[in-house]
Amino acid sequence: MGRIIDLRSDTVTKPTQEMRQAMLEAEVGDDVFGEDPTVNALQEKTARLLGKQAALFLVSGTMGNQLAIKAHTQPGDEVIIEASSHAMNFEGGAGAMISGVQFFAIPGNRGVFDAAQVEAAIRVEDVHFPVSRLVVIENTHNRGGGTVFPLTKIREVADLASDKGLRMHMDGARLWNACVASKTSPAEYATPFDSVSVCLSKGLGCPIGSLVVGSQEFIKRAHRFRKMVGGGTRQAGVLAAAGIYALDHHLQRLEEDHNKAKQLAQGLSRIPRVIINPAEVETNILYFDVSRTGQTAQEIAALLRHRGVLVHPTARSLVRCVTHLDVSFPDIHEALNAIEAVMAA
Ligand SMILES: *Cc1c(COP(=O)(O)O)cnc(C)c1O
């Protein structure tokens, strides 16, 4: 068996030699004192890129979403969010524990919803009801299949939120993919939001790191809460250097990952018993349905593992594949051969 082709997630990438070199050479200081020049440079660079006043470097995207929810809400408030979103489903119940909020889940179409759905979800003023405080949009949408949330729809939701006095947060763990796929700048996407969290550890290939951006005042609050949850770090410039390198060198190349995902989807659509609509693949994530094989996604994943291909079973019959820096076009071809063999067996 040759080397492993790991399509489980875009988080499995290893830092490149050039990225490691940048980390090695980073100037550092104690960031709890605000004295790490590389962390400060990354924060300034990211704030500028997203057109916001300030940014805060964090260990994870989860921390970004949860600090934003905390900074925008009071316990008992309600957060309007898509039903299969990361911040509600895959962050360990942190919204309830850290912020004491409850979520109002609205069903999206592959993660995308519209202003009318938000309007119907907003509570009227009445002692029986929680206070609707925040709308969260995930872009790209992970469970939706790497879906790009259209900017026009975001603006409609933001106009409504502004009318009703609600705040807006974007879970932009893969905002970079949305920007490249839709040829929209990060700042254009960020403008309608009070805060945006972004990840460096997904498609951009860093070993660790996320940021949250917003106004000075918002970042000041988020910074206080970061300290409370133990998220203050010291000579984190070695990590921030990877982020600066990634923003300079790994952003535009995401288009290549999108092309690999499209190639994979097209190949999958030609394999008997695979259910997939390749037209729905917009970025680097795809899901395919294996229910016609009579086997579970878990069983299919185990068979593929024997052939050196790793995929992520995410529901009984649903398999997720994600393309990234560490899979090549020939790897996609090889993965397709393995999937074809497993599906025929
Ligand atoms: C991965 C992910 C996160 C959380 O990032 P971590 O760094 O793993 O905590 C948040 N939102 C979405 C949509 C994600 O895919």
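Rules of the game
- Residues numbered from 1 in each chain as written.
- Predicted model: local features only at pLDDT ≥ 70, side-chain atom pairs only at ≥ 80, totals over all residues.
- Heavy atoms only, no water.
- Near = heavy atom within 4 Å.
- Polar contact = N/O pair within 3.5 Å; in protein donor to acceptor, adjacent residues only side chain to side chain.
- Areas by Shrake-Rupley, 256 points an atom, 1.4 Å probe, with all protein chains shown as cover.
- Helix = DSSP H or I, 4+ residues; strand = E, 2+ residues; numbered from the N terminus.
- Nonpolar A, V, L, I, M, F, W, Y, C, P; charged D, E, K, R; others polar.
- Patch = residues over 30% accessible without salt bridge, like charges linked within 9 Å, V, L, I, M, F, W, Y side chains within 5 Å.
- Salt bridge = Lys/Arg side-chain N within 4 Å of Asp/Glu carboxyl O.
- Lys, Arg positive; Asp, Glu negative; His and termini not counted.
- Charge placed at Lys NZ, Arg CZ, Asp CG, Glu CD.
- Pairing = 2+ DSSP bridges.
- Axes fitted to C-alpha atoms, helices over the stretch in contact; angles between N-to-C directions.
- Contact = heavy atoms within 4.5 Å.
- Domains from an automatic or database assignment.
- Buried area = accessible area lost by both parts, 1.4 Å probe.
- Buried < 20%, exposed > 50% of the residue type's maximum accessible area, 1.4 Å probe, protein only.
- Parallel < 35°, antiparallel > 145°, perpendicular 65-115°, else oblique.
- Left-handed = near helix turned anticlockwise from the far one by under 90°.

1. Observations concerning the site of the ligand
Near the ligand lie 13 residues; those nearest to it are Gly61, Thr62, Asp171, Arg174 and Lys202. Residue Gly61 places a main-chain N or O atom 2.8 Å away from an oxygen atom belonging to the ligand. Interatomic distance of 3.1 Å between a side-chain N/O atom of Asn142 and an oxygen atom of the ligand. Burial of the ligand by the protein amounts to 85% of the accessible area it has alone, namely 380 Å². Among the elements that line the shell around the ligand, the one with the most residues is helix H3 (residues 61–72), at three residues. Of the residues in the shell around the ligand, the class split is two nonpolar, six polar and five charged.

2. A look at a negative patch on the surface
On the surface, a cluster of negative charge is made up of Glu119, Glu156, Asp159 and Asp163. At three residues, the largest contribution of residues to the negative patch is made by helix H7 (residues 151–164).

3. Brief notes about the sheet that holds strand E7 (residues 195–199)
Ordered in space as E2-E8-E7-E6-E5-E3-E4, the seven strands form an open sheet in which the pairing is mixed. Edge strands, defined here as strands with exactly one partner in the open sheet, are strand E2 (54–58) and strand E4 (102–106). Within the sheet, the average angular offset between the axes of one strand and its neighbour, ignoring direction, is 20°. By the bridge criterion, four bridges tie strand E6 (residues 167–172) to E7 in an arrangement that is parallel. Bridge assignment links Met170 to a residue of E7, and that residue is Val196. Docked against the sheet, helix H8 (residues 175–182) engages E6 and E7, running at close to 95° with respect to E7. This element, helix H10 (residues 216–228), spans E2, E7 and strand E8 (210–214) of the sheet and lies at about 20° to E2.

4. Focus on the domain arrangement of the protein
Splitting the protein by domain gives domain 1 (17–249) and domain 2 (253–344). The gap between the C-alpha centroids of domain 1 and domain 2 is 28 Å. The interface of domain 1 with domain 2 comprises 18 residues on the first partner and 13 residues on the second. When domain 1 packs against domain 2, the two sides together hide about 1,400 Å² of surface, and 51% of this comes from carbon and sulfur. Considering only the side of domain 1, the residues that lose the most area to domain 2 are Arg110, Arg143 and Asn177, jointly responsible for 32% of the buried surface there. A salt bridge links Arg110 to Glu282, with the shortest nitrogen-to-oxygen separation between them at 3.8 Å. Where domain 1 touches domain 2, the interface holds seven residue pairs in polar contact (both at pLDDT 80 or more). In terms of residue count, the dominant contributor to the side of domain 1 that touches domain 2 is H8 (four residues). When the residues that make up the side of domain 1 that touches domain 2 are grouped by side-chain class, the tally is five nonpolar, nine polar and four charged.

5. Here we look at the pattern of salt bridges
According to the stated counting rule, one finds 14 salt bridges in the structure shown. We note a salt bridge from Asp31 to Arg226, for which the minimum N-O separation is 3.6 Å. Placement of Asp31 in the loop between helix H1 (17–24) and helix H2 (37–49) and of Arg226 in helix H10 is noted, with a sequence separation of 195 residues between them. Asp31 gets classed as buried once you look at its relative accessible area, which sits at 5%. Within this structure, Arg253, Glu256, Asp257 and Lys260 form a network of salt bridges that share partners.

6. Points about the packing of H1 against helix H11 (residues 237–249)
With their axes 8 Å apart at the nearest point, H1 and H11 run at an angle of 135° to one another. By the criterion of interaxial angle, the relationship of H1 to H11 is oblique. For H1 against H11, the interelement crossing comes out right-handed. From H1, Glu18, Met19, Ala22 and Met23 reach across to H11, where they touch Val238, Leu239, Ala241, Ala242, Tyr245 and Ala246. Looking at the contact of H1 with H11 residue by residue, the classes come out as nine nonpolar, no polar and one charged.

7. Considerations on the environment of Ser317
Relative to the elements of secondary structure, Ser317 occurs in the loop between strand E11 (312–315) and strand E12 (318–322). Linking Ser317 and Glu299, residues 18 residues apart in sequence, is a C-alpha distance of 9.6 Å. Setting aside residues up to four positions removed in sequence, Ser317 forms contacts with Phe288, Asp289, Val290, Ser291 and Ala297.

8. Section: the packing of helix H13 (residues 297–306) against helix H14 (residues 329–344)
Interhelical geometry of H13 versus H14 gives an angle of 125° and a closest axis separation of 10 Å. The pairing of H13 with H14 is recorded here as oblique in orientation. Crossing of H13 against H14: the hand is right-handed. Touching Ile300, Leu303 and Leu304 of H13 are Ala338, Ile339, Val342 and Met343, all from H14.

9. Quick word on the side chain of Asp6
By secondary structure assignment, the location of Asp6 is in strand E1 (residues 5–6). Within polar-contact distance, the side chain of Asp6 engages the side chain of Arg8 at 2.6 Å. Not counting residues up to four positions away in its chain, the partners in contact with Asp6 are Val12, Leu310, His324 and Val327.

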